[in-house]
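# Survey of secondary and tertiary structure
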Amino acid sequence: MNTSEFSKRKDLLGEAVFKNLTVIVLAVMINFINSLLLYTFFKNPVFSQEPRYILYMHLVINDIIILSGSVLLFVFTYLIPNLNVAICCIFILILSNVFKNTPLNLAGMAIERFVAICYPLHHAQICTVPNTKILIGIIWLVGGLPGIADLFVGLALSPISYFTTSRMCFPQVFNFEYHIISYSLFNIGYMCSVWVLLFYTYFKVLFSAKAAASEPAQAQKARRTILLHGVQLLLCTLSLFTNVLDGALVTLFPYYQSVIYFCNYILTSILPRLLSPLIYGMRDQKFKKYMKRSLMCGNEKRAINPSD
């Protein structure tokens with residue numbers, strides 16, 4: 001091996017180590033923060049009686065699963081480039097489900113705020129804990145149906161021997177025209193439906209706040225929350241077009257292909273998972289108060305007023 005080849009391989013190894021360390025460190029940090037939020041939720045039963053906190057924790061759990069699975073597959077592309085197809089199908093089925101759960105969960109949270117502001121007298125009857133659990137079940141069912149349908153079509157059109165082979169693991173593991181078309185059509189229709197629902201709830205809350213003189217601060221907070229749902233949904237939508245974005249940027253900057261792929265991965269798959277604790281956990285004064293108490297443990301308990 002000559003000097004130039006050795007230097008090139010060393011650079012490639014250094015780049016791979018840097019990317020993997022960056023992704024793993026970010027994932028550990030974000031999952032640690034999300035774990036603190038889960039700890040606060042389960043340690044304080046008061047939150048388990050409020051639908052909006054239940055939906056929020058469901059969103060956090062989804063983020064932890066997506067982030068952990070995504071980073072695992074990222075590392076696998078370097079350590080085990082060709083993964084068994086059967087194992088890859090399981091990974092993709094789970095990640096596809098939880099990924100689709102996120103926009104549906106955001107829609108559910110927006111509807112809960114919409115009912116609280118626009119129909120406050122009916123909020124206690126509509127947004128109950130049992131109804132929230134039913135909604136979470138529906139979210140998982142709706143989010144999982146496309147992946148299950150794709151899996152059955154893949155099983156019908158692929159020979160059994162295909163599942164014993166190894167290949168690079170990516171969402172379109174079945175390279176059939178049906179899967180490419182169904183994946184595109186479903187995602188477009190799916191995201192458009194959630195966007196329409198978010199816009200509807202946002203403007204209804206906006207007009208209700210202008211019409212009602214009572215509790216304008218609560219309505220304003222609900223507007224901001226739904227607007228932040230839209231920001232998070234925008235990043236979710238952006239991740240659906242990662243391949244298009246990658247292709248466009250690589251065409252413009254062909255010498256930075258590896259950097260573009262990595263940066264887009266961080267932007268669309270890692271950073272959106274950081275938004276949940278920042279948007280909801282850190283903005284909610286009640287949650288912040290209980291989280292501070294939970295983390296300080298016994299040191300703070302003597303100073304807490306029992307009537308609080």
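Above this text sits the structure in question.
No experiment lies behind these values; they were computed from the predicted model shown.

Conventions adopted
Residues numbered from 1 in each chain as written. Predicted model: local features only at pLDDT ≥ 70, side-chain atom pairs only at ≥ 80, totals over all residues. Heavy atoms only, no water. Salt bridge = Lys/Arg side-chain N within 4 Å of Asp/Glu carboxyl O. Helix = DSSP H or I, 4+ residues; strand = E, 2+ residues; numbered from the N terminus. Buried < 20%, exposed > 50% of the residue type's maximum accessible area, 1.4 Å probe, protein only. Polar contact = N/O pair within 3.5 Å; in protein donor to acceptor, adjacent residues only side chain to side chain.

### So, the pattern of salt bridges
By the definition in use, this model includes five salt bridges. The partner of E50 in a salt bridge is K286, and the shortest N-O contact between them spans 2.4 Å. With E50 in the loop between α1 (3-43) and α2 (51-79) and K286 in helix α11 (residues 285-296), this residue pair connects regions lying 236 residues apart in the sequence. Here D63 ties to R273 by a salt bridge, and the two come within 3.2 Å at their closest N and O atoms. Residue D63 is located in helix α2, and its partner R273 is located in helix α10 (residues 272-281); the two are separated by 210 residues in the primary sequence. We classify R273 as buried; its relative accessible area is 3%. Connected via shared salt-bridge partners are E50, R52 and K286.

### Quick word on the environment of T164
Tracing the backbone shows T164 in the loop between α5 (129-157) and β2 (166-167). For T164, a relative accessible area of 59% puts it in the exposed group. Separated by 80 residues in sequence, T164 and N84 have C-alpha atoms that sit 6.4 Å apart. There is a polar contact of 2.6 Å between the side chain of T164 and the backbone oxygen of S161.

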